[in-house]
Amino acid sequence: MKKSEINFKIELDQNNVPEKILWDATDKPEVGFTESKAISLSLWDHQQKNTLRIDLWTKEMPVNEMKKFYIDCLGGLAQSVLTSTGDEKMSGEINSLCERLAVQVQKSE
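In this text the structure is predicted, and so the values were computed from the model without any measurement.

Asks: Give me helix H2 (residues 88–108): which residues, what numbers.
Replies: Given a rise of 1.5 Å per residue, 21 residues ought to cover 30 Å, and the 30 Å separating the end C-alpha atoms of H2 matches this to within 8%. Against helix H1 (63–85) lie the buried residues of H2. Between a side-chain oxygen at the N-terminus of H2 and the backbone nitrogen of Lys 89 the separation is 3.2 Å; the capping residue is Asp 87.

Set out below in C-alpha cells:
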C-alpha cells in the first residue's frame, strides 16, 4: 500500500502568531518545504460527528488575498461535494455563493 505524508512547520512569534508557514508533501513535485501565507485544514471526527478545523495565516497575508483564499476554499468544497456525493444542487449552491462573493471582493479592490 502506498503511503503519503503532508508536513507543516509553523514559526511563531512571542505571542504565538504565525510568522512563517512551511509545508512539504511526499507527492509534491518540488523537493523540500514551500512557504505559504495561509492554511485551512478540516478533519471529520466520525465518532463525535463534527469537524475539527485548523486555520492559520501569517501577519503578511493581505486581507484581500485572505478573502480570495476562502472563496477558493469554498469553490474546492463545491467540487469535493460533487465528486464525493454527486449532489449537483449542493455543489451548485456553493459555486453560486462563490461567484457572488468574488464579485463583492472585486468591487472592494
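Asks: Which residues make up a nonpolar patch on the surface, and what values do they have?
Replies: Together, Ile 6, Phe 8, Ile 10, Leu 12, Leu 41, Leu 43, Leu 52 and Ile 54 make up a nonpolar patch on the protein surface, roughly 660 Å² of accessible area in all. When residues of the nonpolar patch are traced back to their parent elements, those giving at least two are strand S1 (6–12), strand S4 (38–45) and strand S5 (50–57). Here the element with the most residues in the nonpolar patch is S1; it accounts for four residues. Mapped onto the elements, Leu 43 comes out in strand S4.

Asks: Pulling in residues and values, what's your account of the pattern of salt bridges?
Replies: Counted by the stated rule, this structure contains eight salt bridges. Its salt-bridge partner being Lys 68, residue Glu 109 comes within 2.9 Å of it at the nearest N-O pair. Placement of the pair is Glu 109 in the segment after H2 and Lys 68 in helix H1, with a sequence separation of 41 residues. We classify Lys 68 as partly exposed; its relative accessible area is 38%. Across the salt bridge formed by Lys 89 and Glu 93, the nearest N and O atoms sit 3.4 Å from each other.

Definitions and cut-offs
Residues numbered from 1 in each chain as written. Predicted model: local features only at pLDDT ≥ 70, side-chain atom pairs only at ≥ 80, totals over all residues. Heavy atoms only, no water. Helix = DSSP H or I, 4+ residues; strand = E, 2+ residues; numbered from the N terminus. Expected span 1.5 Å × (residues − 1). Contact = heavy atoms within 4.5 Å. Polar contact = N/O pair within 3.5 Å; in protein donor to acceptor, adjacent residues only side chain to side chain. Patch = residues over 30% accessible without salt bridge, like charges linked within 9 Å, V, L, I, M, F, W, Y side chains within 5 Å. Areas by Shrake-Rupley, 256 points an atom, 1.4 Å probe, with all protein chains shown as cover. Salt bridge = Lys/Arg side-chain N within 4 Å of Asp/Glu carboxyl O. Buried < 20%, exposed > 50% of the residue type's maximum accessible area, 1.4 Å probe, protein only.

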